[in-house]
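Observations on chain architecture
Here is how the chains run, residue by residue.
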Amino acid sequence: MHGAGPAPLVWITTPDNYDPRVQERLKREGSGRVDMLRAAGFDVRVVHSCDIVPAWNGRPRLLHDGDDLLAKRAGFLVTSWTWDPGIARHLEAVVRTIRASDSVLLTDGTLDPDGLGTDKLAMYHHAASLGAPVLPTVSVPFGRYARRALDAVRSELPEGPYVVKPRSMAMGFGVLKADTPQHLAATVDLLAPSGLGCLVQPHLPNTGDLRVYVSEGKTVAALLRRPGDEAYLANVSQGGSGSVHEPPGDTAASSERLARSLEADYLCVDWLLAGDRPVFNEWMTVLAGYEDLKGAPRLRVEAALVDHIRHRLSAAT
Ligand SMILES: Nc1ncnc2c1ncn2[C@@H]1O[C@H](COP(=O)(O)OP(=O)(O)OP(=O)(O)O)[C@@H](O)[C@H]1O
Ligand SMILES: [Mg+2]
């Protein structure tokens, strides 16, 4: 690490993703994650992506209020999910500028982060190639060709209900259950003009979404999120509830295998619990929530996250 003093971390978020009232609430309540990282000795600064202008002038720069965020080597966390294609393009420029600098993009964290970082379709291809159970999935083409997905759904997927979800989002945003082919057709009609890119899968009756935390190749904790009554989304931000859980069968081993294949020192792998063989859902790196864990498992995940960040920051010096 460079010299003494806390290691600088810059967390880039995008307030334009949220209703301004939600933003006000988030500001009032603060962030437990930021507090945890500060308590662990990091000097955390939160910056909004809309205030950044990426540039190259002699070296990569992230201009921010007359300052350059890349002037001093730092660790960067970039929350890259967004429902807005314009924001997505801007975040790409931010991410690529950080990668070109001597700072560390902590949210990369997997082999081929552009391909395998946030795209659920890419994750399914990869997880299935390692033998994990994956739901049959159809990706919806663009614009006036979008309805062609309906024929593919008929030929490739079992009968509904279906789940339609954006390929790269988080917090259960836009994850919709379509009970009939007509619901599905209307959903596709509405989604296609958004340019979000979405997937259709069978709705799998499940008892929850299990997140397995893998650090340095070993499972350190697991969090079970269950949908509320009459609900189908397990995300806690969408009314689900979370609790510490033991991963069943070989789910821990499968998660560890995925982390190894992605060369990820810290990986959170989500599985839908159904029957005796959980089905792979997605993975996330350092930004995955763990705040609903309690007690020793939570402390283990926090310690793993802090170690991972320290390790990444010192590795490239
Ligand atoms: N095929 C499916 N069958 C049944 N339920 C599903 C299916 N896909 C998703 N869900 C439910 O919807 C929730 C959100 O879906 P998913 O995790 O794919 O999206 P997300 O927005 O990326 O959430 P996260 O914040 O966990 O990244 C899941 O936790 C699960 O409860
Ligand atoms: Mg999820």
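Look up a bit, the structure's there.
Residues numbered from 1 in each chain as written. Chains lettered and ligands numbered in written order. Predicted model: local features only at pLDDT ≥ 70, side-chain atom pairs only at ≥ 80, totals over all residues. Heavy atoms only, no water.

To continue, consider the overall build of the protein chain. Within the protein chain, the regular secondary structure consists of nine helices and 16 strands. Taken over C-alpha atoms, the radius of gyration comes to 20 Å for the protein chain, in line with the 20 Å a tight globule of 317 residues would show. Seen through its principal axes, the protein chain has C-alpha atoms that stretch 60 × 45 × 40 Å. For the protein chain, with 317 residues in total, the buried portion stands at 45%. Put simply, of all contacts in the protein chain between residues at least 6 apart along the chain, 65% involve residues at least 24 apart. For the protein chain, the accessible surface area stands at approximately 15,500 Å², while carbon and sulfur atoms represent 53% of it. The distance from the centre of the 34 positive side-chain charges to the centre of the 38 negative ones in the protein chain is 1 Å. (Helix = DSSP H or I, 4+ residues; strand = E, 2+ residues; numbered from the N terminus. Rg over C-alpha atoms; globule rule 2.2 N^0.38 Å. Buried < 20%, exposed > 50% of the residue type's maximum accessible area, 1.4 Å probe, protein only. Contact = heavy atoms within 4.5 Å. Areas by Shrake-Rupley, 256 points an atom, 1.4 Å probe, with all protein chains shown as cover. Lys, Arg positive; Asp, Glu negative; His and termini not counted. Charge placed at Lys NZ, Arg CZ, Asp CG, Glu CD.)

Moving on to the pattern of salt bridges. Applying the stated rule across the entire model yields 17 salt bridges. When the shortest N-O distance is used, the salt bridge between R61 and D68 registers 3.9 Å. Classification of R61 as partly exposed rests on a relative accessible area of 22%. The shortest N-O distance in the salt bridge between R154 and D151 comes to 2.6 Å. Separated by three residues within a single helix, R154 and D151 lie in helix α6 (residues 148–156), roughly one turn from each other. Look at R154 and you get exposed, because its relative accessible area is 60%. (Salt bridge = Lys/Arg side-chain N within 4 Å of Asp/Glu carboxyl O.)

This part covers the site of ligand 1. As a structural note, the neighbourhood of ligand 1 is formed by 26 residues, with K120, M171, G172, D209 and E282 the closest of them. With respect to ligand 1, the side chain of Q201 contributes an N or O atom lying 2.9 Å from a nitrogen atom. Going through the elements one at a time, β9 (162–166), β11 (198–202), β12 (208–215), β15 (266–273) and β16 (279–284) are the ones with two or more residues in the shell around ligand 1. Along the lines of polarity and charge, the residues of the shell around ligand 1 split into 13 nonpolar, six polar and seven charged. Counting residues domain by domain, the shell around ligand 1 receives three or more from each of domain 2 (113–133 + 205–315) and domain 3 (138–202). (Near = heavy atom within 4 Å. Polar contact = N/O pair within 3.5 Å; in protein donor to acceptor, adjacent residues only side chain to side chain. Nonpolar A, V, L, I, M, F, W, Y, C, P; charged D, E, K, R; others polar. Domains from an automatic or database assignment.)

Here we take up helix α1 (residues 20–29). Think of an α-helix as 3.6 residues a turn; residues three or four steps apart then line up on the same face. Across the ten residues that make up α1, only a small minority, zero, are buried. Of the residues trailing α1, G30 is marked for its positive phi of about 70 degrees.

Bringing empty space enclosed by the protein into the picture now. Counted by the stated rule, this structure contains two cavities of 30 Å³ or more. In terms of lining residues, the largest cavity is bounded by W11, R33, L37, L77, V286, L287, L305 and I309. Contributing elements (two or more residues each) for the lining of the largest cavity: α2 (32–39) and α9 (295–315). Split by residue class, the lining of the largest cavity holds seven nonpolar, no polar and one charged. Each of domain 1 (7–105) and domain 2 (113–133 + 205–315) accounts for three or more of the residues forming the lining of the largest cavity. Empty space within the second largest cavity amounts to approximately 30 Å³. Considering only residue class, the lining of the second largest cavity consists of four nonpolar, two polar and one charged. (1 Å grid on protein atoms, 1.4 Å probe; cavity = no way out; pocket = protein on both sides within 12 Å on 5 of 7 lines; lining within 4 Å. Points joined across faces, edges and corners; volume = space filled by probe spheres on them.)

All right, on to the side chain of S49 then. Within the secondary structure, S49 sits in the loop between β2 (42–48) and β3 (53–56). Overall, the relative accessible area of 2% leaves S49 in the buried class. Not counting residues up to four positions away in its chain, the partners in contact with S49 are I12, T13, T14, H90 and L91.

On to the packing of α2 against α9, then. For the pair α2 and α9, interaxial distance at closest approach is 11 Å and the crossing angle is 65 degrees. For the crossing formed where α2 meets α9, the hand is right-handed. Here α2 contributes R33, M36 and L37 to the contact with α9, which in turn contributes E302, L305, V306 and I309. Considered class by class, the residues forming the contact of α2 with α9 number five nonpolar, no polar and two charged. (Axes fitted to C-alpha atoms, helices over the stretch in contact; angles between N-to-C directions. Left-handed = near helix turned anticlockwise from the far one by under 90°.)

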